[in-house]
Amino acid sequence: MSPKPPIKQRTRSQESSNSIERLYIAMRHLFSRGYYKPMGLSGETLRNSLLLLRPEIYGSIGGEQVELRGLVYVLDRLPEGIEECTYINLTADEGYKESSFKVIIPKKRRRNCYRIDPHQMNIEVTRGRSEIYDILTHLTFLYIESHTIRKRVYSHKDKQLLHEWKLLEEIVLHRKKLTSREREVLLVHLSSILGRSYIEIKEAFNDLAEKNNPDRFAQVIYWLGSLAIDEVKDNGHKRTIKFSPDLRESIGHHIYGEVWATNIKQVLEKKNLLDRPIHIISANMHSVMNTLYAKEALPKQVTSKNPFHLYQLLSDDSNEDLRKLVKEHAAKNGLHYLKDTSGTNINVQIIDTDKINLTAWNFNESHHQKPVLVVMDYAFGEQAYETMDELLKPYYYKDDTKVLMPIESISIMGKAGILDGVKGDIMIPTAHVFEGTADNYPFKNQLRKRNFADSDIPVIKGTMVSVLGTSLQNKDILQFFHDSTWRVIGLEMEGAHYQKAIQAASKIRGNISRSVKVRYAYYASDNPLKTGSTLASGGLGTTGVKPTYTITQKILEQIFTQ
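Participant: I would appreciate a short explanation of the overall build of the protein chain in the present structure.
Facilitator: Tallying secondary structure elements over the protein chain gives 17 helices and 20 strands in all. Relative to its length of 562 residues, the protein chain is compact, with a C-alpha radius of gyration of 25 Å against a globular reference of 24 Å. When its C-alpha atoms are laid out on the principal axes, the protein chain stretches across 80 × 80 × 50 Å. A buried classification covers 56% of the 562 residues belonging to the protein chain. Carbon and sulfur atoms make up 49% of the accessible area of the protein chain, which totals about 25900 Å². Charge-centre separation for the protein chain: the mean point of 77 positive side chains lies 3 Å from the mean point of 67 negative side chains.

Participant: What is the right way to look at the side chain of Thr240 in this model?
Facilitator: Considering the arrangement of structural elements, one finds Thr240 in strand S8 (residues 240–243). You can call Thr240 buried: its relative accessible area is 7%. At 3.2 Å, the side chain of Thr240 and the backbone oxygen of Lys238 are in polar contact. The contacts of Thr240, once residues within four sequence positions are left out, are Tyr36, Lys37, Pro38, Thr86, Tyr87 and Ile88.

Participant: Looking at this model, I keep getting lost on the nonpolar core. Mind explaining?
Facilitator: Counting 88 residues, the largest nonpolar core has Ile88, Leu90, Leu168, Leu190 and Phe217 as the members making the most contacts within it. For this core, the leading source of residues is helix H4 (residues 129–153), giving 11 residues. The residues contacting Ile88, other than those within four sequence positions of it, are Ile82, Met121, Ile123, Leu139, Tyr143, Thr240, Ile241 and Lys242. By size, the runner-up hydrophobic cluster in this structure holds 44 residues, among which are Val348, Met376, Tyr498 and Ile512.

Participant: Looking at this structure, how should I read the pattern of salt bridges?
Facilitator: Where charged atoms from two side chains of opposite charge approach closely, those side chains can pair. By the definition in use, this model includes 22 salt bridges. Because the salt bridges share partners, they merge into one network encompassing Arg109, Arg111, Glu131 and Asp134.

Participant: Hey, could you run me through the sheet that holds strand S1 (residues 35–36) in this one?
Facilitator: Backbone hydrogen bonds are what pair the strands of a sheet, in a parallel or an antiparallel way. The strand order S1-S8-S2-S5-S4-S3 describes an open sheet built from six strands, whose pairing is mixed. Each edge of the open sheet carries a strand with a single partner, namely S1 and strand S3 (103–104). Taken together, the four bridges between strand S4 (residues 113–117) and strand S5 (residues 120–124) define a ladder with antiparallel strand orientation. Bridging across to S5, Tyr114 finds its partner in Asn122.

Thresholds, definitions, all that
- Residues numbered from 1 in each chain as written.
- Predicted model: local features only at pLDDT ≥ 70, side-chain atom pairs only at ≥ 80, totals over all residues.
- Heavy atoms only, no water.
- Helix = DSSP H or I, 4+ residues; strand = E, 2+ residues; numbered from the N terminus.
- Rg over C-alpha atoms; globule rule 2.2 N^0.38 Å.
- Buried < 20%, exposed > 50% of the residue type's maximum accessible area, 1.4 Å probe, protein only.
- Areas by Shrake-Rupley, 256 points an atom, 1.4 Å probe, with all protein chains shown as cover.
- Lys, Arg positive; Asp, Glu negative; His and termini not counted.
- Charge placed at Lys NZ, Arg CZ, Asp CG, Glu CD.
- Polar contact = N/O pair within 3.5 Å; in protein donor to acceptor, adjacent residues only side chain to side chain.
- Contact = heavy atoms within 4.5 Å.
- Core = buried A, V, L, I, M, F, W, Y, C linked by side-chain atoms within 4.5 Å.
- Salt bridge = Lys/Arg side-chain N within 4 Å of Asp/Glu carboxyl O.
- Pairing = 2+ DSSP bridges.

As structure tokens, this is what we get:
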């Protein structure tokens, strides 16, 4: 009798993949249930899966020391004051903007939040499931770290608090204004409380400092630890997350995307642009506008020595006066700005190129009719499918006459993580695979590596993976995608969702032409396979200017000449 083959041990990437699957199943279950307590039994699966997964941006989550970079990253994406709240309510757009509650918008996420009372924060979710997953994983990290603080300052057995914690409590509760010397003493105490070096504490302290609240970091640490201490005390109040009935009803029904797309089409009709060739560009709200208008609006700032000098000036927050001049010039020459009112948080620019002076570009135009550009701000995860699917549907006039949208091309430009390169490099995808599913979307990309031959920016071509959330980036899974026959070059959140909508509209539903041109290009914001190069290590700064405008220029060249 032959011996049984040895049982193969699961690899770290397989364990991580399984953790992501459990996370998403758990989050969907809790969403259907309507509420849960993150640090109770109902939140146990989320906590354990996140601790096993250990995403790169969350660093040393759940360790003996408090994770500072991950903490700063998460707090930039959650509303200010959330650390003080016992109750977090996730809602749809339910009319809070009409109330007297002050809207709170996180520094790095476009979402409306409202502090209802000292104990409750409401967060409006209008961008689909991906936004819910993003919020829940960030909150889970925050609560895990709050108990890391609690363990360091409070003995449940002896009911004793650390001496340094009492000093912190006195400063925070009495909102004491500190001198420079007193602030240095506070940093020393925080170093002891959090188990981090003085210089690490100082860096995080400065990252969270605000003009009107220089000591915000100390307040965050106190309230996180204080609520965690309350949770372990007898009859303590456990933090609770709830999902409103309206939110549970609206998710998956394209309610916001339909209103958003209809608004755009109505403006196109009003301006008599529905019979002109339309080119959709998913990008930021500045690069296309600046590329088309800035040279004429700011002739004195143009230099032949450095063609990107002008765009670097406009990317500097201190040059708001120059930005204003470009916007005013654009508004007089064919650009119509649609500030979102639907709840998608996706603003739009409609550009009638018939009203633009393009002589500076020397485009050899091939169009009998000048193209119309619809530039849409970045979508978020699954929201990309909802918005693109609705935008590509036919438009109905008031007399119910149906007209197909004359879409000639769709261009997607964005930032993404790179797996074989550094910040600022360019990625040209040939296909998108959707993480956690068997979905894959190969396509003919009109942008080629050779199109960037005249640039000194490194360009890499290949498959990209659309991940379920940037907050779940895991080095082992990404290494597998990179090293295996998938040969993945980078990761982002929207590509597969966009392509799903485009292929459905062009190849199945017949809403747009089967020969619609598709362009995808990304510039690298981070390399999650390299220590110190993840999203939590900081933004691109001016490094992103050159690849952003290089990609924008190549997209526009093709729109005007192909």
